[in-house]
Amino acid sequence: MQIVDYHVHSAWSPDSRMSVRKALNYCRENHVKEIVFTEHLDMGDPGQIPYLDLSSYLVDIEASKLEYPDIIIGCGLELGMHPGNIKATETYIHPYEWDFLIMSVHQYENIGFCDPMLLQRFEKQEILDKYWNAWFYNVEHFKDFHVLGHLDYLLRYQPISIEEFEVWTEPKDAMLKRLIERGQGIEINAKGIKSLGRPHPSLNILRRYKALGGEIVTLGSDAHSVSNIARHFDTISQYLKEAGFNYFARRDFEKKEFYFEKLCIENYAGVNSVNKSFLME
Ligand SMILES: [Zn+2]
Ligand SMILES: [Zn+2]
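Our subject in this report is the structure included herewith.

Conventions used here
Residues numbered from 1 in each chain as written. Chains lettered and ligands numbered in written order. Predicted model: local features only at pLDDT ≥ 70, side-chain atom pairs only at ≥ 80, totals over all residues. Axes fitted to C-alpha atoms, helices over the stretch in contact; angles between N-to-C directions. Helix = DSSP H or I, 4+ residues; strand = E, 2+ residues; numbered from the N terminus. Left-handed = near helix turned anticlockwise from the far one by under 90°. Contact = placed C-beta atoms within 7 Å. Nonpolar A, V, L, I, M, F, W, Y, C, P; charged D, E, K, R; others polar. Expected span 1.5 Å × (residues − 1). Pairing = 2+ DSSP bridges. Buried ≥ 20, exposed ≤ 12 C-beta atoms within 10 Å, placed from the backbone. Right-handed = clockwise from strand over helix to strand, strands pointing away.

## Some remarks on the packing of helix H1 (residues 20-29) against helix H2 (residues 54-67)
In a packed pair of helices, the relevant descriptors are the angle between the two axes and the axis-to-axis distance. For the pair H1 and H2, the least separation of the axes is 11 Å and the interaxial angle reads 30 degrees. Where H1 crosses over H2, the two elements pack in a sense that is right-handed. Taken together, the residues of H2 that come into contact with H1 (itself represented by Val-20, Arg-21 and Leu-24) are Asp-60, Ile-61 and Ser-64. A breakdown of the residues in the contact of H1 with H2 according to their chemical character gives three nonpolar, one polar and two charged.

## With respect to the environment of Arg-182
When you line up the elements, Arg-182 lands in the loop between helix H8 (170-181) and strand E8 (185-189). Each C-alpha atom, one on Arg-182 and one on Lys-143, is 8.4 Å from the other, the two residues being 39 residues apart in sequence.

## With respect to H8
An ideal rise of 1.5 Å per residue puts 16 Å on 12 residues; H8 measures up with 16 Å between its terminal C-alpha atoms. Residue Gly-183 follows H8 closely and has a positive phi angle near 70 degrees.

## Looking at the sheet that holds strand E2 (residues 32-41)
A sheet is described by the order of its strands in space; here seven strands give the open sequence E1-E2-E3-E4-E7-E8-E9, paired in parallel fashion. For this open sheet the edge positions go to strand E1 (3-8) and strand E9 (217-220), each flanked by a neighbour on one side alone. One ladder, built from two bridges, connects strand E4 (residues 100-104) with strand E7 (residues 147-148); its direction is parallel. Paired with Met-103 across the bridge in E7 is Leu-148.

## Some points on unusual backbone geometry
Residue Ile-49 is joined to Pro-50 through a cis peptide bond whose omega torsion reads 0 degrees. By secondary structure assignment, the location of Pro-50 is in the loop between E2 and H2. Residue Pro-201 follows His-200 across a cis peptide bond; omega there is -15 degrees. With respect to the helices and strands, the residue Pro-201 is situated in the loop between helix H9 (192-196) and helix H10 (203-211). Positive phi outside glycine occurs at Asp-222, with the angle close to 60 degrees. Here Asp-222 lies in the loop between E9 and helix H11 (233-242). The class of Asp-222 is buried, set by 25 C-beta atoms lying within 10 Å. In this structure, Ala-230 takes a positive phi of about 55 degrees despite not being glycine.

## Let's talk about the pairing of E8
Of all five residues that make up E8, five are buried, and the element is covered over most of its length. Side chains of E8 alternate between two faces, with Gly-185, Glu-187 and Asn-189 and Ile-186 and Ile-188 buried alike. Two elements, E7 and E8, share two bridges in a ladder whose sense is parallel. For Val-147, the partnering residue across the bridge sits in E8 and is Gly-185.

## Concerning the pairing of strand E3 (residues 72-80)
With eight of nine residues buried, E3 lies mostly within the body of the structure. Bridge count between E2 and E3: eight bridges; the pairing is parallel. Bridging from a neighbouring strand, Thr-38 pairs with Gly-76 of E3. On the question of chirality, the crossover connecting E2 to the parallel E3 by way of H2 is right-handed.

Here you go:
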């Protein structure tokens, strides 16, 4: 089994200063065989204007592929989507070909889901409804993505219990069924470990996706710095096993399709120890 990380932000994202080469050097030294850069694109977010220059980003990644032939490099985006920016996002990304696209929900209308003051401005139920409705609408009206990113991101920032978040309703099943029909998946995102003590999304969501026939789960660190690349992958692999999966998904960028690799937790021991020594330097 190879160590692959399908969610990494380089300095092409506004919130990372890690150059693509720095990330790739780290991968080379730490036996990470595949890395997919998934830079932020949240159309309508004033903090991201001017938007990511997609053609320059693609040129940079193409050049890095020649410099690092020993590493599989994917060029992707993490699309921050809501019903109000679907058309603009489609228009912006469609002229280019993408290896991997994550669709996330970070905000909707006047609600930034990471806003620490959110519960002072809105009722809890209103926030929950907006959050889930953004997902339902996005999945129904936007098709060009491969996985849903950190599906329970809201819980990372808001004091909302998992029980309140996961009141299971037909639209949630309908959304997961739609993904399955279209061959799309969910990512396991290690970033939740720091704040929630577990990866995103919850085991219940993963188990429900599986029970409905879902198979596609990718593994991502959501790293914005080298020390977080492929970090906690032993934990997220174990977590995926607990959810009932024996395989995780990778993409064949040539054939443009998913394939599966068996989970093997022992593989990550080396990476974690190297990560630790790296931090001590
Ligand atoms: Zn995100
Ligand atoms: Zn991210």
